[in-house]
Amino acid sequence: MGRFYLPVVLGLCLIGEIQTAGYIGKRPASQGQCHYQNINSAHFSYDRNDCEGPSKWCEVHECWSTCGSEHRQSPINIDTHQAKREYFDNIQLWNKHKRVPAIISNNGHSPHFDVHVDKVSWFNNIILTNVPYRGNKQFIFAQLHIHVGKQRETDTRTKNRDLSGSKVNNHEGSEHSIDNKFYPMEVKDDDNDDDDDDDDDRDDDNDEKEGDEETEDEYNDEKEDGRKDRRYTYSRDCSSNNEDKNEDEYSKKCYNGHSKCKVRFAKTLSYLMEKYYEEIREHNPIAPEDFIKEDSDYPLYECGDTPDLDFFYSNCMKNNPDLEEHVQVDCGISPTDVLPYDQRFYTYAGSLTTPPCYETVQWIVFKCPIKVSKRAFENLKLVKDSHNDPLQTYGVRRPLQRNHINISKNF
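Residues numbered from 1 in each chain as written. Predicted model: local features only at pLDDT ≥ 70, side-chain atom pairs only at ≥ 80, totals over all residues. Heavy atoms only, no water.

(A) The arrangement of the overall build of the protein in detail. Looking only at helices and strands, one finds 5 helices and 16 strands in the protein. Taking all 411 residues of the protein together, the buried fraction comes to 54%. Within the protein, contacts between residues at least 6 apart in sequence are counted, and of these 77% link residues at least 24 apart. (Helix = DSSP H or I, 4+ residues; strand = E, 2+ residues; numbered from the N terminus. Buried < 20%, exposed > 50% of the residue type's maximum accessible area, 1.4 Å probe, protein only. Contact = heavy atoms within 4.5 Å.)

(B) Geometry of the packing of aromatic side chains. By the definition in use, this model includes 12 aromatic pairs. Centre to centre, the rings of Phe-44 and Tyr-46 are 5.9 Å apart; their planes meet at 75°, and the pair counts as edge-to-face. Between the aromatic rings of Tyr-46 and Trp-57, the centroid separation amounts to 5.8 Å while the plane-to-plane angle is 80°, which identifies the pairing as edge-to-face. With Tyr-46 in the loop between β1 (5–15) and α1 (57–60) and Trp-57 in helix α1, this pair connects stretches of sequence that are 11 residues apart. Judged by relative accessible area, Tyr-46 falls into the buried class, the value being 6%. Given a relative accessible area of 0%, Trp-57 falls into the buried group. Taken together, the aromatic side chains of Phe-44, Tyr-46, Trp-57 and Trp-64 make up a single cluster linked through ring pairs. Its end group placed over the ring of Phe-411, Arg-344 keeps NZ or CZ at 5.6 Å from the ring centre. A cation over a ring is seen here: Arg-397 above Phe-182, with NZ or CZ 4.2 Å from the ring centre. (Phe/Tyr/Trp six-rings, centres within 6.5 Å; stacked < 30°, edge-to-face > 60°. Lys NZ or Arg CZ within 6 Å of the ring centre and 35° of its normal.)

(C) Just the pairing of strand β14 (residues 361–366), in detail. In terms of burial, β14 is largely enclosed, as 6 of its 6 residues are buried. Side chains Val-361, Trp-363 and Val-365 project from β14 onto one buried face, and the interleaved Gln-362, Ile-364 and Phe-366 project onto a second face that is buried too. Inspection of the sheet shows β1 paired to β14 by 5 bridges, in the antiparallel sense. The residue bridging Leu-14 from the neighbouring strand is Gln-362, located in β14. Here strand β13 (residues 345–350) pairs with β14 via 6 bridges, running antiparallel. Directly across from Tyr-346, in β14, lies its bridge partner Val-365. (Pairing = 2+ DSSP bridges.)

(D) Looking closely at the nonpolar core. Counting residues in hydrophobic clusters, the biggest one holds 78 residues, and the most contacted among them are Phe-113, Met-185, Met-273, Tyr-277 and Ile-333. Looking at which element gives the most residues to this core, the answer is β1, with 8 residues. Beyond its immediate chain neighbours, meaning those up to four positions away, Ile-333 contacts Lys-98, Arg-99, Val-100, Ala-102, Phe-113, Val-115, Phe-141, Leu-144 and Leu-272. (Core = buried A, V, L, I, M, F, W, Y, C linked by side-chain atoms within 4.5 Å.)

(E) Summary view of unusual backbone geometry. Here the amide bond leading from Ser-74 into Pro-75 is cis, since omega sits at 5°, within 30 degrees of zero. Structurally, Pro-75 can be placed in the loop between α1 and β2 (77–78). Of note, the amide linkage connecting Pro-355 to Pro-356 takes the cis form, showing an omega dihedral of 20°. Its location among the elements puts Pro-356 in the loop between β13 and β14. Despite not being glycine, Tyr-133 shows a phi value in the positive range, around 65°.

(F) The arrangement of helix α3 (residues 267–279) in detail. Taking 1.5 Å per residue as the helical rise, α3 with its 13 residues ought to reach 18 Å, and the 19 Å between its terminal C-alpha atoms agrees with that figure. Turning to α3, its buried residues are Thr-268, Leu-269, Ser-270, Leu-272, Met-273, Glu-274, Tyr-276 and Tyr-277. (Expected span 1.5 Å × (residues − 1).)

(G) How the structure looks around the confidence of the model for the protein. The predicted model of the protein averages 77 in pLDDT, with 71% of residues at 70 or higher. Put simply, helix α2 (residues 204–219) is where the protein has its lowest mean pLDDT, 30, and β2 is where it has its highest, 97. Long-range and interchain partners of residues 155–169, a stretch whose pLDDT sits below 50, account for 22 contacts in this model, where long-range means more than four residues apart. Within the model, the stretch residues 196–255 combines pLDDT values under 50 with 122 contacts to residues more than four positions away or in other chains. (pLDDT = per-residue confidence, 0-100.)

(H) Fine view of the state of the cysteines. Summed over all chains, the structure comprises 5 disulfides. Here Cys-58 connects covalently by a disulfide to Cys-303, the sulfurs 2.0 Å from one another. Linking Cys-58 and Cys-303, the disulfide has an S-S dihedral of approximately 85° and is accordingly described as right-handed. Of this pair, Cys-58 sits in helix α1 while Cys-303 is found in the loop between α3 and α4 (309–315), placing the two residues 245 residues apart along the sequence. You can call Cys-58 buried: its relative accessible area is 10%. The exposure class assigned to Cys-303 is partly exposed, which follows from its relative accessible area of 36%. The disulfide that involves Cys-67 links it to Cys-357, with 2.0 Å between the sulfurs. Taking the sign of the S-S torsion, 85° for the link of Cys-67 and Cys-357, the bridge is right-handed. In this pair, Cys-67 is assigned in the loop between α1 and β2 and Cys-357 in the loop between β13 and β14, connecting sequence segments 290 residues apart. (Disulfide = S-S within 2.5 Å.)

Right, here's the structure in full:
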């Protein structure tokens, strides 16, 4: 492995509803249309000067109109001074040491490690519970993927002059920032709500209201003497990886209060990135479906609108044939591959950071980063996208969204 290491911020993306609406399957190459009527041909880009770029995602297809919302879009800058301390129960990961079967594929957008979810034997899955503001909901560990920034163009004479005109460079690959600080990468652990038929999460007002009520009832119980019980429920059980003897041991001491971060080297994650990003580097593009659907009776959705369920099920469900060439991950994957030593986190109600940008996500962004090898980082940057350009050409990073979102923390 490389001798140098780069820090990575970790975000848990808890997807509450409409799991199949994200960019599943291969991303077709752009047809340069700026607007598509067929969802299976729709293409989004990270080129900020393109009509399919981040600021125009809401115009590319009606199913992506939510990308123009100013309500709770992600990613955001986490202002630690504005984050409100809450007394959450400890987040629980059931079977967190279990290595579950997984594949990796290059979908033309970013390489994804996808978990095989066992729908027959529930106990074979890795389950996340006690998610802030989500009541008794359970989330299934489903995927790992990593965001990276745009390659910095430098003057060969000065070695440090940025010629790209872009503020996105190797040191700004994470989508979220903490106090306006970005990291070279952001690894996302996607966990899906196990209740596919629950539509409550699409009602943002009800969702936030339920969260507020739950917090008040559960954590502000009054004692007999009338004082509020403000117990601090920070976990004393540190994450560990005793079953994987090749992984660095986790810290024996849990951090709390204002302790400094101890950055963990994610040895297994580095190995997975080094090995498998090289194996799936090349992308096999698919031909976009160029037919145009007949006009429907549904109203047109403009930027900022959220499509209703009838429109969604009629127009936004992508055809997802198994067209991706994938590679089996020999040793499987586990959340312990990416978890930091430190359990302190920030959380807020946000959205997916790629089209369709649905606002059904509870984000958990850990305070302390992990680090991976330089070779792992380089291999990620060289993975090809749907136009066979390296990911570092435009990066895999949506700009920060300027909406007013309440942020909580557990420390």
